[in-house]
Amino acid sequence: IVMTQSPATLSVSPGERAILSCRASRSVSRRLVWYQQKPGQAPRLLIYDASTRATGVPARFSGSGSETAFSLTISSLQSEDFAVYYCQQENNWPPTFGQGTKVEI
Amino acid sequence: EVQLLESGGGLVQPGGSLRLSCAASGFTFSNYAMSWVRQAPGKGLEWVAGISGGSDSTYYSDTVKGRFTISRDNFKNIVFLQMNSLRAEDTAVYYCAKDPLRTVVTYFESWGQGTLVTVSS
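Residues numbered from 1 in each chain as written. Chains lettered and ligands numbered in written order. Predicted model: local features only at pLDDT ≥ 70, side-chain atom pairs only at ≥ 80, totals over all residues. Heavy atoms only, no water.

Over the atoms, a rolled probe matching the size of one water molecule traces out where space is still vacant. Its volume calculated, the largest pocket comes out at about 370 Å³. If you trace the largest pocket, you find 21 residues lining it, with A:Gln37, A:Val84, A:Tyr86, B:Gln39 and B:Lys43 closest to the centre. For the lining of the largest pocket, the element with the most residues is strand 11 (residues 101-104) of chain A, which contributes three residues. Along the lines of polarity and charge, the residues of the lining of the largest pocket split into nine nonpolar, eight polar and four charged. (1 Å grid on protein atoms, 1.4 Å probe; cavity = no way out; pocket = protein on both sides within 12 Å on 5 of 7 lines; lining within 4 Å. Points joined across faces, edges and corners; volume = space filled by probe spheres on them. Helix = DSSP H or I, 4+ residues; strand = E, 2+ residues; numbered from the N terminus. Nonpolar A, V, L, I, M, F, W, Y, C, P; charged D, E, K, R; others polar.)

Now for the pairing of strand 4 (residues 34-39) of chain B. All names here are of chain B. Within strand 4, six of the six residues are buried, which leaves it mostly tucked inside the rest of the structure. Side-chain alternation along strand 4 places Met34, Trp36 and Arg38 on one buried face and Ser35, Val37 and Gln39 on a second face that is also buried. Two elements, strand 4 and strand 5 (residues 45-51), share six bridges in a ladder whose sense is antiparallel. Across the sheet, residue Gln39 finds its bridge partner in strand 5, namely Leu45. (Buried < 20%, exposed > 50% of the residue type's maximum accessible area, 1.4 Å probe, protein only. Pairing = 2+ DSSP bridges.)

Turning next to the sheet that holds strand 3 (residues 18-24) of chain A. Residues and elements named next belong to chain A. A sheet is described by the order of its strands in space; here four strands give the open sequence 1-3-8-7, paired in antiparallel fashion. Single-partner strands in this sheet number two, and they are strand 1 (3-6) and strand 7 (61-66). The mean inter-strand angle of the sheet, taken between neighbouring strand axes irrespective of direction, is 20 degrees. (Axes fitted to C-alpha atoms, helices over the stretch in contact; angles between N-to-C directions.)

Counting residues at the interface gives 17 residues for chain B and 17 residues for chain A. Among the residues of chain B in contact with chain A, B:Leu45, B:Trp47 and B:Tyr107 are the three that bury the most area, contributing 40% of the side total. Here chain B and chain A share zero salt bridges between them. On inspection of chain B and its partner chain A, the count reaches six residue pairs in polar contact (both at pLDDT 80 or more). Listed by contribution, the elements that provide at least two residues to the side of chain B that touches chain A are strand 4 and strand 5 of chain B. Of the residues forming the side of chain B that touches chain A, the biggest block, three residues, is contributed by strand 5 of chain B. Here the side of chain B that touches chain A is built from residues that sort into nine nonpolar, five polar and three charged. (Contact = heavy atoms within 4.5 Å. Buried area = accessible area lost by both parts, 1.4 Å probe. Salt bridge = Lys/Arg side-chain N within 4 Å of Asp/Glu carboxyl O. Polar contact = N/O pair within 3.5 Å; in protein donor to acceptor, adjacent residues only side chain to side chain.)

So, in structure tokens, the structure goes:
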């Protein structure tokens, strides 16, 4: 399954809302995961099952969607949220990632 | 606290071999599947290989099947990636990652800091 993220880069001011999109080439049900990666660091799990926040993830991060269309919303961007975000499907073998969306100031 | 510590990366010539290790702590290692996920310089994430908690099942991406072998030692809490016939396109940071389930690879709830593998003459 091919995962396509848009936009490639999102320019946002601190305090604003950011909405990131992820589309699957065919249905993945709700088996969609979001990760955050900061420069020089490993990815960090944010959201699984399309909308369940991982332990310790702030409530300003929310996920939605099903089948082929998903989104990650950051309600009010903080300085520590500027990073690259990846989606990944785990409904069909093999697990596949999107190409990432960079959220920049 | 879950900790994953990779080692074994380095510079290797095309056609060469390298063995990566990932030492795990902070959880019952044999209860979870483990994977290796790589990231080429400036690129996105690519799942490479996975192994079930009991080592009864192993999984590989098409790009590495037949060249890479994943294994684990549940007594020493280590997962390995044996990489043979290395190519320039295998150059990447290799991350060790923990799955939330025991039997099959799904997603990755914990990650190590990665080890860099460079394939070049």
